[in-house]
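Chain and residue survey
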Amino acid sequence: MRTQLAFLSLVRPLRTTAPGAAAAVSTTAFAASAVGGSGVSGFALGPALGSMPGSRKRSRAVSDLRCAARSPKEPSGILIVNKPQNWTSFDVVNKVRATLEKYLRQHEAPTAASPPAGVGKSSSGSGAGRRSRRFRLRVGHGGTLDPLASGVLVLAVGAQYTRQLWEFQRGRKQYRATFKLGSATDTQDCTGEVIARSSFEHLREYDVEALNRLLQSEAFHGAIVQRVPAFSAVRVQGERLYDLARAGKADAIGELPSRTVYVFEARCEAFDARQGTGTLFVDCSGGTYIRTYIDDLGKALGTHAHMTSLVRLRVGPYALDDVSMPCLQTEKELSNPEKILSCLQAVSVTAPQPASSPVAKPPSSAA
């Protein structure tokens, strides 16, 4: 009986509370937990209890009010990350999501969320605990970068932006890559196993100018056809190619799929003919595999080649060297929720992009 009286004393005043008073209660109870200037701000009050007669409905309304009060507005925007080497793109997504989810849970209002003793309890625990288990922040990335690579990775945070990731992938992508002549690997980069070796002695007279003339040919400039590498995130027969390759099933696929990509500019920035090493800059459409580009370059030179490093310099309007654009630069910053929130950018989803390629919609995997 005391519990019921306590419950009625809690509910009846709320039933007659005016909307303005309810808003004041919400502001007073939760202002200390709001995060301003970072995309996370404000709280929503649950449904008015006066519209839900009956003890069961009142109890449900109290539970809804408690959960809604603990639900800050989710962060939303575009996040630019300088992806660390040896991290997958999904590693970055998962790290950012986990950091923000933990931060949002810690900044909910536990005192406001907890009902008086004996009110609204259930055998499965408090509503706050149930909400925390259900909470899932939407985070996605706008184009895969290989674990070997570093550089610009565009992340979308919040439902509004993750639904429109394609809008942020239409611009050009720019890379700087290094390569080594004389050997080919199964992954087309230095992380794989060597599957072929060949001499590059005949290239002793080659220099930067000679390589640039080759890069201006139809085989390496403009619209070109690339065969998707076996170690890639492209799906074939419902499975990722890299999963099939690692399981030794790549041969069962048959011929790997091909796609048309566009190279706006490619130039050799350095070349050591004696060591067989060099550096390339490539400005291309989304979906271009730079390691495949280097593998094809080696074949055109009459030898083999594989990629030894890769940095993505730009994705559409987002550049690594743009000091006006906040960017998460270190692994430590990926664990700092305040830093992540300060770097979130609320941009127009339909904002015009820099000149895009004449190629159709690019795939989600690249590099």
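None of the values given here were measured: they were computed from a predicted structure.

A word on helix α8 (residues 208-215)
All of the buried residues in α8 are Ala210, Leu211 and Leu215. Summarising the axial view, the buried residues of α8 lie within an arc of 140°, below the 170-degree limit, and thus occupy one face. In this structure, the buried side of α8 is in contact with β4 (173-181), β10 (258-272), β11 (277-284) and α10 (290-300). The N-capping residue of α8, defined by a side-chain oxygen 3.3 Å from the backbone nitrogen of Glu209, is Asp207.

A word on the UniProt feature "domain: tRNA pseudouridylate synthase B C-terminal" (unreviewed entry) in the protein chain
Following the UniProt record, one finds the feature "domain: tRNA pseudouridylate synthase B C-terminal" (unreviewed entry) at residues 291-330. This span, residues 291-330, is 25% helix and 32% strand, and a straight line between its end C-alpha atoms measures 25 Å.

Details of the pattern of salt bridges
Tallied over the entire structure, the rule returns seven salt bridges. A salt bridge links Arg204 to Glu201; the nearest nitrogen and oxygen atoms lie 3.0 Å apart. By relative accessible area, which is 47% here, Glu201 ends up partly exposed. The salt bridge involving Arg267 is made with Glu269; its shortest N-O contact spans 3.6 Å. Classification of Arg267 as partly exposed rests on a relative accessible area of 31%. In this structure Glu269 comes out as partly exposed when scored by relative accessible area, which is 32%. Overlapping salt bridges bring together Arg176, Glu265, Arg267 and Glu269 as one network.

Here's the deal with the pairing of strand β1 (residues 77-83)
The side chains of a regular strand alternate between the sheet's two faces. Burial of β1 is extensive: seven of the seven residues sit out of reach of the surface. Here β1 runs beside strand β3 (residues 150-157); their pairing, made up of seven bridges, is antiparallel. Directly across from Asn82, in β3, lies its bridge partner Val152.

Calculation notes
Every chain begins its residue count from 1, and numbering advances along the sequence as written. A pLDDT threshold of at least 70 governs which residues receive local features in this predicted model, and a stricter bar of 80 or more applies before side-chain atom pairs are shown or counted, although totals over entire chains, interfaces and linings include all residues. For the side-chain quantities, the full set of heavy atoms in the structure was used; hydrogens and water were omitted. Buried, partly exposed and exposed residues are distinguished by accessible area as a fraction of the type maximum, computed with a 1.4 Å probe on protein chains only: under 20%, between the cut-offs, and over 50%, respectively. Going along the chain from the N terminus, every DSSP run of H or I of four or more residues is numbered as a helix, and every run of E of two or more is numbered as a strand. Working note: the arc is built from the helix axis to C-beta atom directions. Throughout, a residue-residue contact means that at least one pair of heavy atoms, one from each residue, lies within 4.5 Å. Think of a polar contact as two N or O atoms within 3.5 Å of one another; within protein, one of them needs to be a possible hydrogen donor and the other a possible acceptor, and neighboring residues in sequence only count if both atoms come from side chains. UniProt positions are given in the numbering used here, feature names are shortened, and annotations may be inferred rather than shown by experiment. Here, a salt bridge means any side-chain nitrogen of Lys or Arg that lies within 4 Å of a carboxyl oxygen of Asp or Glu. Any two strands between which DSSP finds at least two bridges are classified as paired.

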